[in-house]
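# Examining the three-dimensional arrangement
Chain residues, written in single-letter form:
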Amino acid sequence: MPNRRFADGEVVMGRWPGSVLYYEVQVTSYDDVSHLYTVKYKDGTELALKESDIRSQSSFKHRKSQSSSSSPSRRSTSRSRSRSPGRPAKGRRRSSSQSREHKDDKKKTIQETNLALLKPSENNTRRYNGEPDSTERNDTSCIILEQKLKPDLEIERVLEQYSLRSREEEKKKEEIYSEKKIFETIKTIEKASSKTKELEFGGRIGTFMLIFFLPATVFYLLLMCKQDDPSLMNFPPPLPALESLWEARVFGVFLLWFFLQALFSLLPIGKVVEGLPLSNGRKLQYRINGFYAFILTAAAIGTLLYFQFELHYLYDHFMQFAVSAAAFSMVLSIYLYIRSLKAPEDELAPGGNSGYLVYDFFTGHELNPRIGSFDLKYFCELRPGLIGWVVINLAMLLAEMKIHNQSMPSLSMILVNSFQLLYVVDALWNEEAILTTMDITHDGFGFMLAFGDLVWVPFVYSLQAFYLVGHPTVISWPVAAAITILNCIGYYIFRSANSQKNNFRRNPADPKLAYLKFIPTATGKGLLVTGWWGFVRHPNYLGDIIMALAWSLPCGFNHILPYFYVIYFICLLIHREARDEHHCKQKYGLAWESFS
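Residues numbered from 1 in each chain as written. Predicted model: local features only at pLDDT ≥ 70, side-chain atom pairs only at ≥ 80, totals over all residues. Heavy atoms only, no water.

### Remarks on the UniProt feature "transmembrane region" (unreviewed entry) in the protein
Mapped onto the present numbering, the UniProt feature "transmembrane region" (unreviewed entry) falls on residues 201-223, 248-269, 290-309, 321-338, 449-469, 475-494, 515-536 and 556-575. Secondary structure across residues 201-223 divides into 91% helix and 0% strand, with the first and last C-alpha atoms of the span separated by 26 Å. Measuring from the first to the last C-alpha atom of residues 556-575 gives 28 Å, for a span that is 60% helix and 0% strand. (UniProt positions renumbered as here; feature names shortened; annotations may be inferred. Helix = DSSP H or I, 4+ residues; strand = E, 2+ residues; numbered from the N terminus.)

### Details of helix α10 (residues 290-306)
Along its 17 residues, α10 runs 24 Å from first to last C-alpha, staying within 8% of the 24 Å computed at 1.5 Å per residue. For α10, every residue scored as buried is listed here: Gly290, Ala293, Phe294, Thr297 and Ile301. For α10, the buried positions fall inside an angular range of 100° around the axis, keeping them on one side. Residues of α10 that are buried sit in contact with α9 (248-266), β7 (285-288), α14 (376-403) and α15 (411-429). (Expected span 1.5 Å × (residues − 1). Buried < 20%, exposed > 50% of the residue type's maximum accessible area, 1.4 Å probe, protein only. Arc of directions from axis to C-beta. Contact = heavy atoms within 4.5 Å.)

### Overview of the pairing of strand β4 (residues 46-49)
The side-chain alternation of β4 yields one buried face, formed by Leu47 and Leu49, and one unburied face, formed by Glu46 and Ala48. Here 4 bridges tie strand β3 (residues 36-41) to β4, and the two strands are oriented antiparallel to one another. Residue pairing across strands places Thr38 opposite Ala48, the latter belonging to β4. (Pairing = 2+ DSSP bridges.)

### Structural notes on the pairing of β7
A regular strand places its side chains so that they alternate between the two faces of the sheet. What you see with β7 is a clean split: Tyr286 and Ile288 sit on the buried side and Gln285 and Arg287 on the side with no burial. Examined bridge by bridge, strand β6 (residues 271-274) and β7 share 4 bridges and lie antiparallel to one another. Its bridge partner being in β7, Val273 is matched across the sheet by Tyr286.

### Quick look at empty space enclosed by the protein
Taken as a whole and assessed by the stated rule, the structure comprises 1 cavity of 30 Å³ or more. Computed from the structure, the largest cavity encloses a volume of approximately 70 Å³. The wall of the largest cavity is formed by 12 residues, among which Glu200, Gly351, Thr363, Asp443 and Met448 lie closest to the centre. By residue class, the composition of the lining of the largest cavity is 4 nonpolar, 5 polar and 3 charged. (1 Å grid on protein atoms, 1.4 Å probe; cavity = no way out; pocket = protein on both sides within 12 Å on 5 of 7 lines; lining within 4 Å. Points joined across faces, edges and corners; volume = space filled by probe spheres on them. Nonpolar A, V, L, I, M, F, W, Y, C, P; charged D, E, K, R; others polar.)

Encoded structure:
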């Protein structure tokens, strides 16, 4: 291994890369592996040079003095120049203004020379055209000038070729580059972390099967209700002809209903409120006018009945309406998924951003899809399906009276209609509370919610009323009173628990909630440990189950079919319990474990 010749800190002469010019540099370090010296020029530029490109100052000066002494003619020329009358006397310094003028003249000469050298084609054109070329007369002077300024031109060419800059400029560029890289890395990490890693509903295979299983379940329940003996032993029910399941007029009535409710939601009535903050900190605005839409719908239905419109048309074409709603929900889901592909990353749903087409299509890829200010998910959550549920129940009541030649509906039908009407009116009256639910804050709008809002809610939740039309059940007044009390208990638990949760989420410092105790969490939010939420983990679901039981009891105990809603709600409770448990444990950490 060769010995190192120059020490750190030693001032030497370093050759500028690509040239024959040497400049004074300082050795800063030496690499034993590559055998390169890192040197620093006076302007701050640092370069790695070979040992052969470095010379000591003493040898460089000695060689320079040798060359000057070996040329007597140069010495005489030098003496004659120093004694020239036009030059300053020996020992006198040139003024700073003269020095600046000299530098400017030199720079101008270099620029002019560069321009002359960069335009040979123009001179050639003139030469070929027979025009006189002025530069031909000055060839000798140009050559002399080029030779005279060759070192300066060579320095400029080297600077352009190697793009050599001062160390300070390089550091600034490195800082800017590193900041960009850090920003890009953070964005990549955020994008990766926003992906849905844990899949629900059986993952891709499970959601694919549910896309077909959910519509099949609805059609099965409706077909069973139409049977004289809707026993589970009569499975499968006779299937109707495919052409009987579709009618363009029915689909047109469904579209009319959907867009009428959309028109009611756009009316400038009702207050405008803000939802909870999104992941990007933005708050969306919502117009709260669901109860007004219900009143307008009731007025429209009353007008139709006044003009002798037969509302039991819904009962006669109930299966066709269900097929129309299912077809519309599928088309809507496809539209929602296609538009979600262009949605920004921060507008995607936390639970529907897995990257798997079927899963994201089912759970919903975009969190709050909007057309202008019209929020599609928020609208479908309450309006067409929930209000449609009440209209269907009323149609079943009228169909029962017509089919059985009754002047009054049965007590069972009155109870079912009354209980479910209370539930719908409560939801519309407390419309603002839905803005704090997971459907709005967490779940995307895909096939699951579109089918659930437009098909499952109106056609499965009205199953008890549909069942009573074909299977009338007589109950006594004491039984009716007991069922009513049970429904009131369930409603009280449901409403008071939801009100506590909603009010606490919106304003934990509300003086009306001072009696409630909570556990602070790392997210800055609190977990209620008193009231209904300290008594039961999910009191709102408990209230739902009690009410669902009260809705089913008027149908009697001859068949299990009317109790499907109770079974469904228990299964839903188990699923949501597991989902909420996992979600809250991730969100609240140790606070949730102490709460449990």
